[in-house]
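Notes for the structure review
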Amino acid sequence: MPTPARARGRKVSAVQALGLLVSFLLVAVLGGVLAAGLLLPGVAAANSATDLSVTAFEEIPDELEQRPLPEKSEILAADGTLLATFYQQNREVKPLAEIAPIMQQAVIAVEDRRFYEHSGVDVPGMARAAVATLMNKKQGASTLTQQYVKNVLIDSAELAETQEERQAIIAAARQNDGAEGVARKLREAKIAITLEQTMTKDEILEKYLNIAPFGASVYGVESAARYYFGKSAKDINYLEAATIAGITQSPSALDPVGPADEAPELKAQRQAKSEARRNQVLKDMAREKFITADELAAGLATPIAQTLNPQPLKQGCMGAGDVVAGSGFFCDYVTKVIANDPVFGETRRERNNRLYRGGLTIRTTLDPVEQTAADQEVKAGVPVDDPSGVASAIVTVEPGTGKILAMAQNRNFSVAKDGPHTDTAVNYSTSFEYGGSQGFAPGSTFKVFTLLEWLKKGHSLNETVNGSRLRYEPREFQSCIRLSGEAWEFGNSEGGRAIPQSVLDATRNSVNSAYVAMAKQLNLCDIMQGAADIGVTQAGDPNSTTQWGTPGNAPFNGTPANVLGSDSTSPLQIAAAYATFASNGTYCKPIAITSVTDTNGEELPVPSADCRPGAIDPQVAAAMNYALSNVWTGTAKSLGRPAYTAAGKTGTTTGNENTWFAGYNPLRATAVWVGYSENFRSMSGQTINGQTYWRGPYGSSIAAPTWKRYMDRVMADKQVPAFAAPNDRQVYGERSGVPSVVGQSEQAARAQLEAAGFRVSVSGEQVSSTLPPGTVAEQSPSGRAARGTTVTLRLSSGQPPAPAGGGQPQPGFPFPGQGDGQGGGQGGNQGGGQGGPGNGQGRNG
């Protein structure tokens, strides 16, 4: 509760108030103003005409609690570009030395011509005003010191706990009528007298010039000078000073600029009133010899409209996009970081007050060049006004630092309600608590976390898995939650073949069945926790719960479907996780703020990226990079390999509702999402940016090309280092001799190979051989291979081979890990036209 609320004291009657005033004036006239301030209680106690007790006077405070004035805060891009300004009161505090003398003189001339002579109150003027007040007539007589006191009391209302309390404090500070009006003036007078004992005149004038309102949303002469004339208060001339000084009498009515959408006739009336008031100030300035008669005549002859150079006030993030394309969403993200992070204050209210009142200079990570490229390319992928209504977002994180360098989407940032569908304040790149989005299902971009757990558990990229199954019982999986119910069925896209294959091929071609087979050998909750450890969680409201009873921002649930990315996350979280691979295993929380300074230029704490080297073993990270670098010969084959180091992963959900591409190199990690933002709706059959997708779209259709266009621009002038070479162990696994089982029965061969750590697959095609029918005639591989590799057996038909030159050639047999090279090339097409790579995750259930 702000202390100035107490300043109202107990209520007095009109007669009592008049008696109090008479007592005050008698002492003021006979003994001086200073004595009146000091002896007021004694006089009241002795005056039988007023029946005012000493307590009534003691409740009037002697001192004024002066807090730092609210000042505007600014959000800057990384290069210092001003993105947005935030304020409850648009103010920039300046010392008196930086305010033009003519500005000081203009205010004194019109508001308090005896400012340097009185001791805080103007006794004759106060008497006239008080009598008029008791007669319900308004007449001003407050000195600049008293006006300063009133403004401090009004400003203190902002610290009240409730809106009702704030309104009560403001009403008391502005009370003009009857006994309460007299009481207010007396209260201000007593405090003003005390104030003048502790402060110099120049100090009081400086504080007044910084606190007073000079327009509907303008406080202090520095902000007024910049708003009305586009210059600092130290540079204004006498005409401009007179305009500003005149406004404070009625800040809204006398503002010569007014609302941007004001009707012309109303604006003309407004400027006429403001000009008349300015002319009165000029006359007052001439009376006090602050300007010459010639200057007065020239000023009176100058229309006020000719002197104005208004600089529109853009409060908040809605104007950020006019400075750096599409940056409104990033700007809004910064405000959410401040509102949510305890580093900026203990409570959310305290943190918001700091932003809107604290005069902070907030330097961010946003790179204007990369932001502009991101904004242009995401809107080139899906135009803002595309008839399909499909949305798209792109976000870039710097590996090793966590800095968010770009954040854009194919929408216009606006907090206005009931605007067109092209406008929104929802940030598609972030989670609910940082922008209002519930996130989007990542599809196969989430497969990388199964691959990560696979490598952590000692498996290799060339290990063969049985990707032939498309149906599993839930109980076949290991999980920290109870899995039950009907069998789970899923499918592969055309590019994903349900056959035994290496993990490297399964990754290149994004084969669902192979990845589910991998997950069956792991613990599902370990996969989900591994993702959470590098920042990927659900993107929902942390104050709500999922169907599993966990918070909306908890790790993905340990279900088989989530191996294929069924829960929802945000593009920013995906980009930050992929940046961990790019930085050799160092995970950094995404950060948007690099520094914050207060009005004194002192550095304040900011949220840390908490970079953790070794969040992923560097050898595992190198293997991840090696595997994901093959996307250019798999699901993203249609794009062609970039001219710089790059790796990535496509993603598409079951019915083509969400499509993704997340890609990276050691310098940048960027995620692109495409889909409907309002609901889980298929894009299949839709015409997007002029192309109809009868099949698809897939991650390689819109998201990946957007990523490549953007990254091509950003990487054009950069030397991009190569990824660290992978370890032989992660690529090929622990090699050992493969037992020779040729000539053995299928059962004996299987037992011996499995005992040696290999998996076994039996071909359905028999081969000509002199060995007994049903025995092993051929095996592949033979010699040495990684443990866990699948050894394929072919059984003998019992018939000898045909004579040389007369038989049929035996089909070739690819070595595990090499793949058949056909999976990606037969993927889903790009909108019914030419065949594309298909990303193998279109049936994730």
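Residues numbered from 1 in each chain as written. Predicted model: local features only at pLDDT ≥ 70, side-chain atom pairs only at ≥ 80, totals over all residues. Heavy atoms only, no water.

**A short note on the state of the cysteines**
Scanning all chains against the criterion turns up three disulfides. The disulfide that involves C317 links it to C331, with 2.1 Å between the sulfurs. Between C317 and C331 the disulfide shows an S-S torsion of about -75°. By sign, it is left-handed. Placement of C317 in the loop between α14 (304-307) and α15 (320-323) and of C331 in helix α16 (residues 328-340) is noted, with a sequence separation of 14 residues between them. The pair C317 / C331 is uniform in exposure class, with both members buried. Across the disulfide from C588 sits C611; the S-S distance is 2.1 Å. Between C588 and C611, the S-S dihedral sits near 120°, and the bridge is therefore right-handed. Of this pair, C588 sits in the loop between α23 (571-582) and β12 (593-597) while C611 sits in the loop between β13 (603-604) and α24 (618-628), and the two are 23 residues apart along the sequence. Cysteine pairing for the protein chain (bonded cysteines numbered in sequence order): 1-2, 3-4, 5-6. (Disulfide = S-S within 2.5 Å. Helix = DSSP H or I, 4+ residues; strand = E, 2+ residues; numbered from the N terminus. Buried < 20%, exposed > 50% of the residue type's maximum accessible area, 1.4 Å probe, protein only.)

**Comments concerning the side chain of S274**
Within the secondary structure, S274 sits in helix α12 (residues 264-287). Classification of S274 as buried rests on a relative accessible area of 3%. At 3.1 Å, the side chain of S274 and the backbone oxygen of L254 are in polar contact. Each residue touching S274, except ones within four places of it in the same chain, is listed here: L254, P256 and I304. (Polar contact = N/O pair within 3.5 Å; in protein donor to acceptor, adjacent residues only side chain to side chain. Contact = heavy atoms within 4.5 Å.)

**Here's the deal with the environment of R787**
Its place among the elements puts R787 in the loop between β22 (783-786) and β23 (790-795). Residue classification places R787 among the partly exposed residues on the basis of a relative accessible area of 39%. Residues R787 and S736, 51 residues apart in the sequence, show an inter-C-alpha distance of 6.6 Å. Contacts of R787, omitting those with residues within four sequence positions, involve E463, E734, S736, A756, G757 and F758.

**Some points on the pairing of strand β3 (residues 361-364)**
Alternating residues of β3 divide into I362 and T364, all buried, and T361 and R363, none buried. As judged from the three bridges shared by strand β1 (residues 73-76) and β3, these two strands associate in the parallel manner. Paired with I75 across the bridge in β3 is I362. One ladder, built from four bridges, connects β3 with β12; its direction is antiparallel. Note that in β12 the partner of T361 across the bridge is T597. (Pairing = 2+ DSSP bridges.)

**Section: the pattern of salt bridges**
Taken as a whole, this structure holds 34 salt bridges when the rule is applied. Between E98 and K94 there is a salt bridge, and its shortest N-O distance comes to 3.6 Å. Overall, E98 belongs to the partly exposed group, its relative accessible area being 34%. E196 serves as the salt-bridge partner of K201, at 2.9 Å between the closest nitrogen and oxygen. For the pair formed by K201 and E196, the shared burial category is buried. Each of K72, E92, K94, E98, E222 and R226 takes part in salt bridges that share partners, so that together they form one network. (Salt bridge = Lys/Arg side-chain N within 4 Å of Asp/Glu carboxyl O.)

**Side note on the nonpolar core**
The biggest cluster of nonpolar side chains holds 94 residues, and the ones touching the most others in it are I362, F449, L451, L461, F581, M624 and Y664. It is α23 that contributes the most residues to this core, nine residues altogether. With 53 residues, the next largest nonpolar core counts V107, L153, L239 and L282 among its residues. (Core = buried A, V, L, I, M, F, W, Y, C linked by side-chain atoms within 4.5 Å.)

**Quick look at helix α18 (residues 368-381)**
With 14 residues, α18 should reach 20 Å at 1.5 Å per residue; the first-to-last C-alpha distance of 20 Å fits that figure. Listed as buried for α18 are P368, E370, Q371, A373, A374, D375, E377, V378 and G381. Each element contacted by the buried residues of α18 is listed here: β4 (391-397), β5 (404-409) and α25 (703-715). If you check the start of α18, you find a side-chain oxygen 2.9 Å away from the backbone N of V369, and it comes from D367. (Expected span 1.5 Å × (residues − 1).)

**Regarding the packing of helix α19 (residues 447-456) against helix α21 (residues 512-520)**
At their nearest, the axes of α19 and α21 sit 10 Å apart, and the two run at 40° to each other. Put simply, α19 runs oblique to α21. Remark: the crossing between α19 and α21 carries left-handed chirality. When α19 is examined against α21, the residues K447, T450, L451 and W454 are found in contact with a partner set consisting of N512, Y515, M518 and A519. For the contact of α19 with α21, the class distribution of residues is five nonpolar, two polar and one charged. (Axes fitted to C-alpha atoms, helices over the stretch in contact; angles between N-to-C directions. Parallel < 35°, antiparallel > 145°, perpendicular 65-115°, else oblique. Left-handed = near helix turned anticlockwise from the far one by under 90°. Nonpolar A, V, L, I, M, F, W, Y, C, P; charged D, E, K, R; others polar.)

**Here we look at α12**
Taking 1.5 Å as the rise per residue, α12 with 24 residues should run 34 Å; its terminal C-alpha atoms sit 35 Å apart, in good agreement. Along α12, the residues that are buried comprise R270, Q271, S274, R277, R278, N279, V281, L282, D284, M285 and A286. Elements that come into contact with the buried residues of α12 comprise α4 (101-111), α11 (238-247), α13 (293-300) and α14. Directly beyond the C-terminal end of α12, a positive phi value near 65° is found at K289.

**Considerations on the packing of aromatic side chains**
Applying the stated criterion across every chain, the model contains 22 aromatic pairs. On the basis of an interplanar angle of 50° and a centroid distance of 4.8 Å, the ring pair of Y227 and Y228 is categorised as tilted. According to the relative accessible area criterion, Y227 is buried, its value standing at 9%. On the basis of relative accessible area, Y228 is assigned to the buried category, the value being 0%. These aromatic residues form a ring-pair network of at least three members: Y472, F477, W488 and F490. Seen from the ring of Y732, R735 lies directly overhead, with NZ or CZ sitting 4.3 Å from the centre. (Phe/Tyr/Trp six-rings, centres within 6.5 Å; stacked < 30°, edge-to-face > 60°. Lys NZ or Arg CZ within 6 Å of the ring centre and 35° of its normal.)

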